[in-house]
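As a plain string of letters, each chain reads:
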Amino acid sequence: MLWFRNIQLYRLNPDHALSVESIAESLLKKPFFPCGSHDLMSQGWVAPAPHIPDEFIFARQDMVLVCLKTEEKILPAVVVKQEAEERIRQIEEEEARKVGRKEAKDIRERVAEELRPRAFTRVSTHRALIDLKQNLIMVNSSAASKAEHLLVSLREALGSLPTRLIQTQVTPQTAMTSWLENEVPVPFELDADCELKFPGDDGAIARFVRQDLHSDEVKQHLATGKLVSKMGLTWNERIAFQLTEKLEIKRMSMLDVLQDELKDADVDSQDAMFESSFALSVGELRQFIPELITALGEELAS
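Residues numbered from 1 in each chain as written. Predicted model: local features only at pLDDT ≥ 70, side-chain atom pairs only at ≥ 80, totals over all residues. Heavy atoms only, no water.

Some thoughts on the environment of E71
Line of reasoning, step 1. Positionally, E71 belongs in strand 4 (residues 63-74).
Line of reasoning, step 2. Classification of E71 by relative accessible area gives buried; the value is 11%.
Line of reasoning, step 3. Spatially, the C-alpha atoms of E71 and V123 are 4.4 Å apart, while their sequence positions differ by 52 residues.
Line of reasoning, step 4. Look past the residues within four positions of E71 in its chain and what remains in contact with it is F32, P34, C35, L40, M41, S42, T121, R122 and V123. (Helix = DSSP H or I, 4+ residues; strand = E, 2+ residues; numbered from the N terminus. Buried < 20%, exposed > 50% of the residue type's maximum accessible area, 1.4 Å probe, protein only. Contact = heavy atoms within 4.5 Å.)

Okay, here's the thing in structure tokens:
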């Protein structure tokens, strides 16, 4: 089924002028092609819905799903170095001379070029949801760097993509620390894991997994000045997730209520399951994200 495990969240400027049709047309011009024999990397857009292989987007209710595919050639530097050193050694023995720095560099480059067609390949895909109704972009990635890479590729394809990171009136770290000391705003609840960190790059870290976060041990760490950097939460008894100090949403999973709703959906094929789970995801995210931002004191104006 379709479900984002991690979300890097971005605000799409209201004047973006994007539409379902314009996104589809733009991505169609930037399709994925496999690496050529001498290419180190290739990337492009592919169909996000397996049952509609000719469509480069999957869109319902002004929510657009896109998928970026990347293929990379894996050519370890040590392999190139060993082969180049062997060729340099042979030249020096056969010609009784010392290979200079520039010639050695040329040999290494030539070796890399020759070995490239035999290199292993690594393929990865990254998905994002573009919410044209709530002006949000949600990238399914646990790493901000990979999310930014997708946004750069999306911006190149669309020509323009005015986005920014969301900032809230209360920082996630301040809010989570307050929630741990007092109580979590409805409809959120504490889960059973969190990470507390003393301010500073070298600050001490305390991690709690599957523990009662109201315990005296947790309170003692708060009393020493540690702040919450990660916290496990549940929303509306439907979604479990981890919130980080950078407003990253990680380790998302459906709770029993939501899983039961998906099971009760009247579907008779994988295609229908994809459609049903997408509709369910859209409905949940459009409630969950705004309520999370509200819990953090609303969004700062740009």
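Having put the structure on the table, let's press on.
So, helix 1 (residues 20-28)
Line of reasoning, step 1. Among the residues making up helix 1, those that are buried are I23, S26 and L27. The buried residues of helix 1 occupy one face: seen down the axis, they fall within an arc of 95°. In helix 1, the exposed positions angled more than 90 degrees off the buried face are occupied by E21 and L28.
Line of reasoning, step 2. Its buried side turned inward, helix 1 meets strand 2 (41-46), strand 4, strand 5 (120-131) and helix 4 (144-158). (Arc of directions from axis to C-beta.)

Some thoughts on the pairing of strand 11 (residues 239-244)
Line of reasoning, step 1. Of all six residues making up strand 11, six are buried, and the element is well covered by its neighbours.
Line of reasoning, step 2. Residue alternation in strand 11 divides its side chains into two sets, I239, F241 and L243 and A240, Q242 and T244, and both sets are buried.
Line of reasoning, step 3. Turn length for the strand 10 (residues 227-235)-strand 11 hairpin, with the two strands adjacent in sequence and antiparallel, is three residues, and the turn residue N236 shows positive phi of about 55°.
Line of reasoning, step 4. Bridge count between strand 11 and strand 12 (residues 249-254): four bridges; the pairing is antiparallel. The residue of strand 12 that forms the bridge with A240 is S253.
Line of reasoning, step 5. The hairpin formed by strand 11 and strand 12 contains four residues between the paired strands, and L247 there has a positive phi angle of roughly 60°. (Pairing = 2+ DSSP bridges.)

With respect to the sheet that holds strand 9 (residues 205-209)
Line of reasoning, step 1. Pairing in this open sheet of five strands is antiparallel, and the strands run 9-8-10-11-12 from one edge to the other. The open sheet has two edge strands, strand 9 and strand 12, and neither has a second partner. Here the strands of the sheet are splayed against their neighbours by 20° on average, with no regard to which way each runs. (Axes fitted to C-alpha atoms, helices over the stretch in contact; angles between N-to-C directions.)

Some thoughts on the packing of aromatic side chains
Line of reasoning, step 1. Per the counting criterion, the structure on display carries six aromatic pairs.
Line of reasoning, step 2. An angle of 90° between the planes, with centres 5.1 Å apart, marks the rings of F58 and F274 as edge-to-face. Pair noted here: F58 is in strand 3 (residues 58-60) and F274 is in helix 8 (residues 270-295), with a separation of 216 residues, a long-range link.
Line of reasoning, step 3. Taken together, a centroid distance of 4.8 Å and an interplanar angle of 85° make the contact between F58 and F278 edge-to-face. Taken together, the residues span a long stretch of sequence, with F58 in strand 3 and F278 in helix 8 at a distance of 220 residues.
Line of reasoning, step 4. These aromatic residues form a ring-pair network of at least three members: F188, W235, F241 and F288. (Phe/Tyr/Trp six-rings, centres within 6.5 Å; stacked < 30°, edge-to-face > 60°.)

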